[in-house]
Amino acid sequence: MAMLTVKDLKVNYGMIQAIKGVSFEVEEGEVIALIGANGAGKTTILHTVTGLLKAVSGEITFDGHNLLKTPAHKIVSLGMAHVPEGRRIFQELSVYDNLMLGAYTRKDKAGIAETLETVYTRFPRLQERKKQIAGTLSGGEQQMLAMGRALMSKPRIILMDEPSMGLSPLFVSEIFDIIEKISKSGTTVLLVEQNAKKALSIADRAYVLETGSIVMSGKASELMNDPSVKKAYLGEA
Amino acid sequence: MEFISQFINGLNVGSIYALIALGYTMVYGIAKMLNFAHGDIIMVGAYTVYVCLSSANMPAFAAVLIGIVVCSLLGMVIEKIAYKPLRKASPLAVLITAIGVSYFLQSVAQLIFGSREVSFQSIIPLGAVSIGELKISGEAVVTMAVTILIMILLTLFINKTKAGSAMLAVSEDKAAAELMGINVNRTISLTFAIGSGLAAIAGVLYACSYGFIGPYMGSMTGIKAFVAAVLGGIGSIPGAMIGGILLGIIESLSKAYISTRLSDAIVFGVLILVLVLRPSGILGKSRTEKV
Ligand SMILES: Nc1ncnc2c1ncn2[C@@H]1O[C@H](COP(=O)(O)OP(=O)(O)O)[C@@H](O)[C@H]1O
Ligand SMILES: [Mg+2]
């Protein structure tokens, strides 16, 4: 059975149907990309998976747990971390305090210290700036902090919502390198991106979302060569 | 000498305002709402202690402890019943509800104890302290000492404990806090409990300093504490402290040297002036709220 299964998910904002029956699966160890234009419903799906939004109907199962019946604050201790769109770091707290909040549900002090070391190794900039107030970091550094904060919970799956949004090309490459490394270290990744080219280049499989429905899915390498994907999402004729 | 003693009187009253302002500011910072019933919690605290002392003959320490517990529980219950269902409602609906809760508490007190004020025998065992010609009442000394102690403990609690860091996270971004595994409902509940517990202490100190209690004692006091919180920068804990003390001193000096009748007008005048010059208060930050 897949690690994460979403089945016929429907989500509304008031009367407006934003997600119209979406199904997908994430197997342990995979990098799954969920691509789609602005407004397609990518963020809505991730928010529903981690309990920030309520579904109208459908099923979300993670490791045998029914996530639609799990309150948002209990998701992270199941082993699922969410790097939200727009980073949502705690702007007024220090880099270090942000990272420690990522480990909020953990009680093993030695283990937390160990994870902190691995996060600092992965993001040396965060270690250099650990006392700095998070709101004063650059956009790319804030994205690193959001990812580091999520890693502090030692998740088995990490959901990332547009990690490359608003970053300079140099930072974009760096962020995607790091996502690959996170995946290689054994963490499953569900990556939501508008930057389809980059996302497909590191994903195993991908789903294409259009106005609340999945219109295509398959191996990332195949989707990359699909004429309609090329035209609509990769900016190629 | 007269000036110094008026100044100390201002510190005394200001400390009480500061303790109440802390509750206003914590609840605003974390739940983003103005709990206008907060002032009336001091009245509930004072009456609880009064009943424990006069009817149950309890030792003062036990009575105060019960007052704190009763108010903390009351704060949590009010939040759960009256405010929690309105968390996504318009601020106006919340404000009207809070005013309703305030009148409710006053009416219940009036129903049980009558509308007349009753005298309250100070429970502070310390006599007046004399420094040369200057005499400082035991009540003033204890009120200021307790306020400073609470301020230190609260700062340590927020910056050094896990529950404190959860409060800071919730005050900034509730959804992100949930993603960290923080139970936002419980954090808000804890905030109401702490704020209301502090209000109970303020109520007892008020009763000891003024020597009486009544169903409406929290009304004007609460409004002034709210002014103090806004003056200091609502949402800021040191701001509540500074705002409270400043307000107490301004009030006391204007009563002594300008006019007793005008003192409240002067207090509100200062508020308006500060808000014109610094809309977010003395220590307040203007920050954009996230959804
Ligand atoms: N809070 C909201 N209230 C109403 N509609 C919303 C809200 N958030 C998103 N939507 C709508 O839902 C759709 C999906 O949005 P979203 O999930 O943010 O898309 P994406 O992340 O793919 O850009 C869009 O049409 C958007 O306008
Ligand atoms: Mg989005």
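Each remark here, short or long, concerns the structure printed above.
The text that follows walks through the structure, step by step, so that each part is easy to find. On a predicted model such as this, the values are computed, not experimentally measured, just so you know.

**Here's the deal with the overall build of chain B**
Phase 1 of the analysis: Along its length, chain B carries 11 helices and four strands.
Phase 2 of the analysis: The C-alpha radius of gyration of chain B comes to 19 Å, within 12% of the 19 Å expected for a compact globule of 291 residues.
Phase 3 of the analysis: A burial count over chain B gives 48% of its 291 residues as buried.
Phase 4 of the analysis: A separation threshold of at least 6 residues defines the contact pool for chain B, and within that pool the share at least 24 residues apart is 74%.
Phase 5 of the analysis: Total accessible area on chain B is roughly 13,300 Å²; 68% of this is exposed by carbon and sulfur atoms.

**Section: the interface of chain B and chain A**
Phase 1 of the analysis: Contacts between the two partners involve 20 residues from chain B, matched on the other side by 20 residues from chain A.
Phase 2 of the analysis: Across the interface of chain B and chain A, roughly 1,900 Å² is buried in total on both sides, 60% from carbon and sulfur atoms.
Phase 3 of the analysis: Considering only the side of chain B, the residues that lose the most area to chain A are E172, L179 and M180 of chain B, jointly responsible for 38% of the buried surface there.
Phase 4 of the analysis: Here chain B is connected to chain A by one salt bridge.
Phase 5 of the analysis: D173 of chain B is paired through a salt bridge with R88 of chain A; the nearest N and O atoms lie 2.6 Å apart.
Phase 6 of the analysis: Taken together, chain B and chain A are joined by seven residue pairs in polar contact (both at pLDDT 80 or more).

**What to know about helix α11 (residues 263–277) of chain B**
Residues and elements named next belong to chain B.
Phase 1 of the analysis: With 15 residues, α11 should reach 21 Å at 1.5 Å per residue; the first-to-last C-alpha distance of 21 Å fits that figure.
Phase 2 of the analysis: Along α11, the residues that are buried comprise S263, V267 and L271. For α11, the buried positions fall inside an angular range of 95° around the axis, keeping them on one side. Away from the buried face of α11 by more than 90 degrees, exposed residues I272, L273, V276 and L277 are located.
Phase 3 of the analysis: Looking at the buried residues of α11, the elements they touch are α9 (217–232) and α10 (237–257).

**Details of the pairing of strand β4 (residues 57–62) of chain A**
Residue and element names in this part refer to chain A.
Phase 1 of the analysis: Taken together, the five bridges between strand β1 (residues 4–13) and β4 define a ladder with antiparallel strand orientation. In the strand pairing of β4, K7 is matched with E59.
Phase 2 of the analysis: Of the strand pairs in this sheet, β4 and strand β5 (residues 65–66) are connected by two bridges, and their pairing is antiparallel. Each residue of the ladder has a partner; that of F62, found in β5, is H65.

**Section: the coordination of the magnesium ion (ligand 2)**
Phase 1 of the analysis: Only T43 of chain A (OG1) and E85 of chain A (OE) from the protein coordinate the magnesium ion (ligand 2), and they sit 2.0 Å from it. One end of the pair, T43 of chain A, is in helix α1 (residues 42–49); the other, E85 of chain A, is in the loop between β6 (80–83) and α2 (95–102), and 42 residues separate them in sequence.

**Focus on the pairing of strand β3 (residues 31–35) of chain A**
Residue and element names in this part refer to chain A.
Phase 1 of the analysis: Burial analysis of β3 places five of its five residues in the buried class, the great majority of the element.
Phase 2 of the analysis: Bridge analysis of β3 against strand β8 (residues 188–193) gives five bridges, and the strand direction is parallel. Bridging from a neighbouring strand, V31 pairs with V189 of β8.
Phase 3 of the analysis: Pairing geometry for β3 and strand β9 (residues 205–210), over four bridges, is parallel. Along β9, the bridge assignment pairs A33 with A206.

**Considering helix α5 (residues 138–160) of chain B**
Residue and element names in this part refer to chain B.
Phase 1 of the analysis: For α5, spanning 23 residues, the distance from its first C-alpha to its last is 32 Å, which sits close to the expected 33 Å at 1.5 Å a residue.
Phase 2 of the analysis: Of all the residues in α5, the buried ones are G138, E139, A140, T143, M144, T147, I150, M151, L154 and I158.
Phase 3 of the analysis: Check the buried side of α5 and you find it contacts α1 (2–31), β3 (134–136), α6 (162–172), α8 (184–210) and α10.

**A few points about the site of ligand 1**
All names here are of chain A.
Phase 1 of the analysis: Neighbouring ligand 1 are the residues Y13, A18, A37, N38, G39, A40, G41, K42, T43 and T44.
Phase 2 of the analysis: Contact between ligand 1 and G41: an oxygen atom at 2.9 Å from a main-chain N or O atom of the residue.
Phase 3 of the analysis: Residue T43 places a side-chain N or O atom 2.7 Å away from an oxygen atom belonging to ligand 1.
Phase 4 of the analysis: Out of a free accessible area of 560 Å², ligand 1 has 56% covered by protein chains.
Phase 5 of the analysis: Tallied by class, the residues present in the shell around ligand 1 amount to four nonpolar, five polar and one charged.

**Observations concerning the layout of surface pockets**
Phase 1 of the analysis: When its volume is computed, the second largest pocket comes out at roughly 1,300 Å³.
Phase 2 of the analysis: Forming the boundary of the second largest pocket are 43 residues, of which L93 of chain A together with I158, N159, L168 and S171 of chain B lie nearest the centre.
Phase 3 of the analysis: Sorting the residues of the lining of the second largest pocket by element identifies α2 of chain A together with α1, α5, α6 and α10 of chain B as the ones contributing at least two each.

**Overview of the pattern of salt bridges**
Residue and element names in this part refer to chain A.
Phase 1 of the analysis: Counting across every chain of the model gives 14 salt bridges over all chains.
Phase 2 of the analysis: Notably, a salt bridge pairs E162 with K42, separated by 3.8 Å at the nearest N-O pair. Note that E162 is positioned in the loop between β7 (157–161) and α6 (169–184) and K42 in helix α1, a separation of 120 residues in sequence. Note on accessibility: E162 and K42 belong to one class, buried.
Phase 3 of the analysis: Here the salt bridges share partners, and the residues they tie into one network are R125, E128, R129, E141 and E174.

**Topic: the side chain of Q6 of chain B**
Phase 1 of the analysis: Turning to its location among the elements, Q6 of chain B is positioned in helix α1.
Phase 2 of the analysis: Discounting residues that sit within four places of it in the chain, Q6 of chain B has contacts with S252, L253, A256 and Y257 of chain B.

About the thresholds
- Residues numbered from 1 in each chain as written.
- Chains lettered and ligands numbered in written order.
- Predicted model: local features only at pLDDT ≥ 70, side-chain atom pairs only at ≥ 80, totals over all residues.
- Heavy atoms only, no water.
- Helix = DSSP H or I, 4+ residues; strand = E, 2+ residues; numbered from the N terminus.
- Rg over C-alpha atoms; globule rule 2.2 N^0.38 Å.
- Buried < 20%, exposed > 50% of the residue type's maximum accessible area, 1.4 Å probe, protein only.
- Contact = heavy atoms within 4.5 Å.
- Areas by Shrake-Rupley, 256 points an atom, 1.4 Å probe, with all protein chains shown as cover.
- Buried area = accessible area lost by both parts, 1.4 Å probe.
- Salt bridge = Lys/Arg side-chain N within 4 Å of Asp/Glu carboxyl O.
- Polar contact = N/O pair within 3.5 Å; in protein donor to acceptor, adjacent residues only side chain to side chain.
- Expected span 1.5 Å × (residues − 1).
- Arc of directions from axis to C-beta.
- Pairing = 2+ DSSP bridges.
- Donors = N, O, S within 2.8 Å, 3.2 Å for Na, K, Ca; no water.
- Near = heavy atom within 4 Å.
- Nonpolar A, V, L, I, M, F, W, Y, C, P; charged D, E, K, R; others polar.
- 1 Å grid on protein atoms, 1.4 Å probe; cavity = no way out; pocket = protein on both sides within 12 Å on 5 of 7 lines; lining within 4 Å.
- Points joined across faces, edges and corners; volume = space filled by probe spheres on them.

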